[in-house]
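Below are the chains, spelled out letter by letter.
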Amino acid sequence: MTDAPRRRGRPSKRAEDGPGARERILAAARAEFAARGYDKTSMRGIAKEAGVDAALVHHYFGSKDEVFAAAIEVTFEPALVVSAVVGAGPEGVGERLARFFLALWEDPAARAPLLAVLRSAMTNEAAAKVLRGFLLRRLLERVAGELDVPDPRFRAELAASHMVGIAVLRYVIQVEPMASADPERIIALVAPTLQRYLTAPDPSDPKTDPSDPETGPGRRTGTEPVRPEGP
């Protein structure tokens, strides 16, 4: 008598399901994507690395795209990013964003999966699509929701593009002197630009009066030093 066929996506009795199984799978996925990239990583390989049946990986995540997206979320922790960076208010948001981003990349434990995500997205359209969806739904839309400015999503995308460009030059291509620059120097130079992206009035907006110190492009944005009055 033969065993009844298993339903698709259901773990077998041999699968080591139980407390921590999902976390083990995610840790294995991060390691596999970091070591092999998106193309060469398989659901079976992730299962082997996690010590579970491949059906259990499908049971929790469904597809490679979904486990890739989940691994990205574990790496970025978008809720914490938004709370730490934007939730404290507009004053100094550019510096907080730059500091958070650089600290994340400078952490060796986080850098490997981040490199895997970035490299995979640059060479594989399926991985790029997953990353775009994650950035839009889980991160940029949350950031935009906290910004009390016109076109908040576009501003959040500009800030993200700036930081991703730094990541590519510093950590992927390793262009000097960017690759070996002191993170504090990068933060000091980048923070005012990020602040402008996220909080400054849009000079192309017809409602913006260039001569108005409160709404014009020369208004204070929270990063400029305060100069004393007088001679």
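Since we're looking at a predicted model, the values are computed, not measured.

Chemist: Would you mind going over the nonpolar core with me for this structure?
Modeler: What tends to happen in soluble globular proteins is that the nonpolar side chains get buried as a cluster. Leu102, Trp105, Met163, Val190 and Leu194 are the most contacted members of the largest nonpolar core, which totals 33 residues. Breaking this core down by element, the ones donating at least two residues are α5 (78-85), α6 (93-106), α7 (108-123), α8 (125-146), α9 (152-172) and α10 (183-199). Other than its neighbours up to four places away in sequence, Met163 contacts Ala98, Phe101, Leu102, Val190 and Leu194.

Chemist: Quick question: what am I supposed to make of the packing of helix α1 (residues 21-40) against helix α3 (residues 54-61) here?
Modeler: The description of two helices packed together rests on the angle between their axes and the distance between the axes. Contact pair α1 / α3: the axes reach a minimum separation of 11 Å and the direction vectors enclose 100 degrees. When the axes of α1 and α3 are compared, the pair comes out roughly perpendicular. Of α3, the residues touching α1 (which contributes Ala21, Arg22, Ile25 and Leu26) are Leu56, Val57, Tyr60 and Phe61. Split by residue class, the contact of α1 with α3 holds seven nonpolar, no polar and one charged.

Chemist: What's the story with the side chain of Thr41 in this structure? I'm lost.
Modeler: Its place among the elements puts Thr41 in the loop between α1 and α2 (43-50). Excluding residues within four positions of it along the chain, Thr41 makes contact with Glu32, Phe33, Arg36, Ile46 and Lys64.

Chemist: How should α3 be read in this particular structure?
Modeler: Every buried residue of α3 is accounted for by Ala54, Ala55, Leu56, Val57 and Phe61. The distance from a side-chain oxygen at the start of α3 to the backbone nitrogen of Ala55 is 2.8 Å, and the residue carrying that oxygen is Asp53. Gly62 sits one or two residues past α3 and shows a positive phi near 85 degrees.

Chemist: Would you explain the packing of aromatic side chains in this entry?
Modeler: Centre-to-centre distance and the angle between the planes together describe a pair of aromatic rings. Applying the stated rule across the entire model yields six aromatic pairs. An angle of 10 degrees between the planes, with centres 6.0 Å apart, marks the rings of Phe33 and Tyr38 as stacked. Since its relative accessible area comes to 3%, Phe33 is described here as buried. Pairwise contacts between aromatic rings join Phe33, Tyr38 and Phe68 into one cluster.

Chemist: What is the right way to read the packing of α7 against α8 from this model?
Modeler: With their axes 6 Å apart at the nearest point, α7 and α8 run at an angle of 120 degrees to one another. Judged by the angle between their axes, α7 and α8 are oblique. α7 and α8 meet at a crossing whose hand is left-handed. Two secondary-structure elements touch here, α7 through Val117, Ser120, Ala121 and Thr123 and α8 through Glu125, Ala127, Ala128 and Leu131.

Chemist: So what exactly am I meant to see when it comes to the confidence of the model for the protein chain here?
Modeler: Close reading of the predicted structure is inappropriate where its pLDDT is low. Averaged over the protein chain, the pLDDT score is 80; the fraction of residues at 70 or greater is 79%. Ranking the elements of the protein chain by mean pLDDT puts α5 last with 76 and α10 first with 95. Long-range and interchain partners of residues 1-15, a stretch whose pLDDT sits below 50, account for 16 contacts in this model, where long-range means more than four residues apart. Within the model, the stretch residues 225-231 combines pLDDT values under 50 with two contacts to residues more than four positions away or in other chains.

Chemist: I'm lost on the environment of Gly94 in this one. Help?
Modeler: Relative to the helices and strands, Gly94 resides in helix α6. Not counting chain neighbours up to four residues away, the residues in contact with Gly94 comprise Ala191, Leu194 and Gln195.

Chemist: Looking at this model, I keep getting lost on a nonpolar patch on the surface. Mind explaining?
Modeler: Side chains of Leu169, Ile173 and Val175 sit close together on the surface and give an oily, nonpolar patch of about 230 Å² of accessible area. Of the residues examined, Ile173 reaches a relative accessible area of 52% and is grouped as exposed.

Chemist: I tried to follow the environment of Arg170 on my own but got confused; where do I start?
Modeler: With respect to the helices and strands, Arg170 occurs in helix α9. In the structure, Arg170 is positioned 65 residues away from Trp105 in sequence and 9.7 Å away in space, judged by C-alpha atoms. Here Arg170 is in contact with Leu102, Glu106, Met178, Ala179, Ser180, Ala181, Pro183 and Ile186, once residues within four sequence places are set aside. A distance of 3.0 Å separates polar atoms of two side chains, one belonging to Arg170 and the other to Tyr171.

Chemist: How do you make sense of the side chain of Gln195 when you look at a structure like this?
Modeler: With respect to the helices and strands, Gln195 occurs in helix α10. Here the side chain of Gln195 touches Pro90 through a polar contact of 2.8 Å, landing on its backbone oxygen.

Chemist: I tried to follow α7 on my own but got confused; where do I start?
Modeler: Since the α-helix turns once every 3.6 residues, residues separated by three or four places project in the same direction. Between its first and last C-alpha, α7 extends 23 Å over 16 residues, near the 22 Å set by a 1.5 Å rise per residue. The set of residues buried in α7 consists of Ala110, Pro113, Leu114, Leu115, Ala116, Val117, Leu118, Ser120 and Ala121.

What counts as what
- Residues numbered from 1 in each chain as written.
- Predicted model: local features only at pLDDT ≥ 70, side-chain atom pairs only at ≥ 80, totals over all residues.
- Heavy atoms only, no water.
- Core = buried A, V, L, I, M, F, W, Y, C linked by side-chain atoms within 4.5 Å.
- Buried < 20%, exposed > 50% of the residue type's maximum accessible area, 1.4 Å probe, protein only.
- Helix = DSSP H or I, 4+ residues; strand = E, 2+ residues; numbered from the N terminus.
- Contact = heavy atoms within 4.5 Å.
- Axes fitted to C-alpha atoms, helices over the stretch in contact; angles between N-to-C directions.
- Parallel < 35°, antiparallel > 145°, perpendicular 65-115°, else oblique.
- Nonpolar A, V, L, I, M, F, W, Y, C, P; charged D, E, K, R; others polar.
- Polar contact = N/O pair within 3.5 Å; in protein donor to acceptor, adjacent residues only side chain to side chain.
- Phe/Tyr/Trp six-rings, centres within 6.5 Å; stacked < 30°, edge-to-face > 60°.
- Left-handed = near helix turned anticlockwise from the far one by under 90°.
- pLDDT = per-residue confidence, 0-100.
- Patch = residues over 30% accessible without salt bridge, like charges linked within 9 Å, V, L, I, M, F, W, Y side chains within 5 Å.
- Areas by Shrake-Rupley, 256 points an atom, 1.4 Å probe, with all protein chains shown as cover.
- Salt bridge = Lys/Arg side-chain N within 4 Å of Asp/Glu carboxyl O.
- Expected span 1.5 Å × (residues − 1).

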